[in-house]
Amino acid sequence: KAGVTQTPRYLIKTRGQQVTLSCSPISGHRSVSWYQQTPGQGLQFLFEYFSETQRNKGNFPGRFSGRQFSNSRSEMNVSTLELGDSALYLCASSLAPSTDTQYFGPGTRLTVL
Amino acid sequence: GESVGLHLPTLSVQEGDNSIINCAYSNSASDYFIWYKQESGKGPQFIIDIRSNMDKRQGQRVTVLLNKTVKHLSLQIAATQPGDSAVYFCAARGNMLTFGGGTRLMVKP
């Protein structure tokens, strides 16, 4: 069974631009969570989707948004990029929200110049 | 709010020795705990989990111990190998999964 895939793997943007990251969960998994990982803050929860609905949201500004499609694939968007948004963005999938182990993808490394 | 912390940011061990990585959590309502391993350039990889109704669980060369009284869990790796070198995260599930800051395990040959 294929694991969680994320595209693109690397991205370089400039301040003020926006970016969209994509995540395809493990087949059969319906829950997708997004995390931001930085050296200073560690792994921080962004949001969780299940059945196309956002179930939980972390403490991030409204510039960070996401959505989930009927096939469970998910995207997250960051608008008006800031230097501090440079991070590894990780997607994790599970069978169901909050009750199952999350399996992570390789991440998208975003660099904001 | 919830927090999960790690006692040591870096742990250096000799190849063949046992490693112990510790983690403290703050939410006494946490009912499920996971250890992840993250190698450079990769996403976190599930190692082992334990539910709050257990105090010990063993896997292949790994053991997780849970002490709910002091809200502490540990990951023990037996006969540590160079391939075990990575950052290890604990995570605790309350309302959501909360991760610790990570411990870097370095294995000396």
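Because the structure is predicted, anything quoted here is derived from the model rather than measured.

(A) Quick look at the packing of aromatic side chains. Across all of its chains, the model carries 11 aromatic pairs over all chains by this definition. Aromatic pair Tyr103(A) and Phe46(B): ring centres 6.0 Å apart, planes at 50 degrees, arrangement tilted. Residue Tyr103(A) is located in strand β10 (residues 103–104), and its partner Phe46(B) is located in strand β5 (residues 45–51); the two belong to separate chains. For the ring pair Phe104(A) and Tyr36(B), a centre distance of 5.2 Å and an interplane angle of 90 degrees mean the geometry is edge-to-face. In this pair, Phe104(A) sits in strand β10 while Tyr36(B) sits in strand β4 (residues 32–38), so the two residues belong to two different chains. In terms of burial, Phe104(A) and Tyr36(B) fall into one category: buried. One aromatic cluster in this structure is built from Tyr35(A), Phe45(A), Tyr103(A), Phe104(A), Tyr36(B), Phe46(B) and Phe99(B).

(B) Expanded view of the interface of chain B and chain A. Counting from both sides, the interface comprises 17 residues of chain B and, opposite them, 17 residues of chain A. Roughly 1300 Å² is buried in total at the junction of chain B and chain A, and carbon and sulfur atoms are behind 56% of that figure. The three residues of chain B that bury the most area against chain A are Pro44(B), Met96(B) and Phe99(B), which together make up 33% of that side's buried surface. Run the count over chain B and chain A and you get zero salt bridges. Only β4, β5, β9 (86–93) and β10 (97–99) of chain B provide two or more residues apiece to the side of chain B that touches chain A. Top contributing element to the side of chain B that touches chain A by residue count: β4(B), with four residues.

(C) Quick peek at the side chain of Thr80(B). Residues and elements named next belong to chain B. Topologically, Thr-80 is positioned in the loop between β8 (72–77) and β9. Judged by relative accessible area, Thr-80 falls into the buried class, the value being 0%. Excluding its chain neighbours within four sequence positions, the residues that come into contact with Thr-80 are Val-13, Glu-15, Gly-16, Asp-17, Asn-18, Ser-19, Arg-61, Leu-105 and Val-107.

(D) Structural context of the pattern of salt bridges. Residue and element names in this part refer to chain A. A full pass over the atoms with the stated rule returns nine salt bridges over all chains. When the shortest N-O distance is used, the salt bridge between Glu-48 and Arg-55 registers 3.8 Å. Measuring nitrogen to oxygen at the nearest pair gives 2.8 Å for the salt bridge that ties Asp-85 to Arg-63. Taken together, the residues Asp-85 in the loop between β8 (74–78) and β9 (87–94) and Arg-63 in the loop between β6 (53–57) and β7 (64–68) connect sequence positions 22 residues apart. Accessibility expressed as a relative area gives 4% for Asp-85, which makes it buried. According to the relative accessible area criterion, Arg-63 is buried, its value standing at 16%. In this structure, a network of salt bridges that share partners links the residues Arg-63, Glu-82 and Asp-85.

(E) Spotlight on the pairing of β4(B). Residues and elements named next belong to chain B. For β4, the buried fraction is high: seven of the seven residues fall into the buried class. Relative to β5, β4 runs antiparallel, the two being bridged by six bridges. Counterpart to Trp-35 in the pairing with β5 is Ile-48. The turn joining β4 and β5, which pair antiparallel and follow one another in sequence, is formed by six residues; a positive phi near 80 degrees is taken by Gly-41. Sheet analysis places β4 next to β9, joined by seven bridges and oriented antiparallel. Bridging across to β9, Phe-33 finds its partner in Ala-92.

Thresholds, definitions, all that
Residues numbered from 1 in each chain as written. Chains lettered and ligands numbered in written order. Predicted model: local features only at pLDDT ≥ 70, side-chain atom pairs only at ≥ 80, totals over all residues. Heavy atoms only, no water. Phe/Tyr/Trp six-rings, centres within 6.5 Å; stacked < 30°, edge-to-face > 60°. Helix = DSSP H or I, 4+ residues; strand = E, 2+ residues; numbered from the N terminus. Buried < 20%, exposed > 50% of the residue type's maximum accessible area, 1.4 Å probe, protein only. Contact = heavy atoms within 4.5 Å. Buried area = accessible area lost by both parts, 1.4 Å probe. Salt bridge = Lys/Arg side-chain N within 4 Å of Asp/Glu carboxyl O. Pairing = 2+ DSSP bridges.

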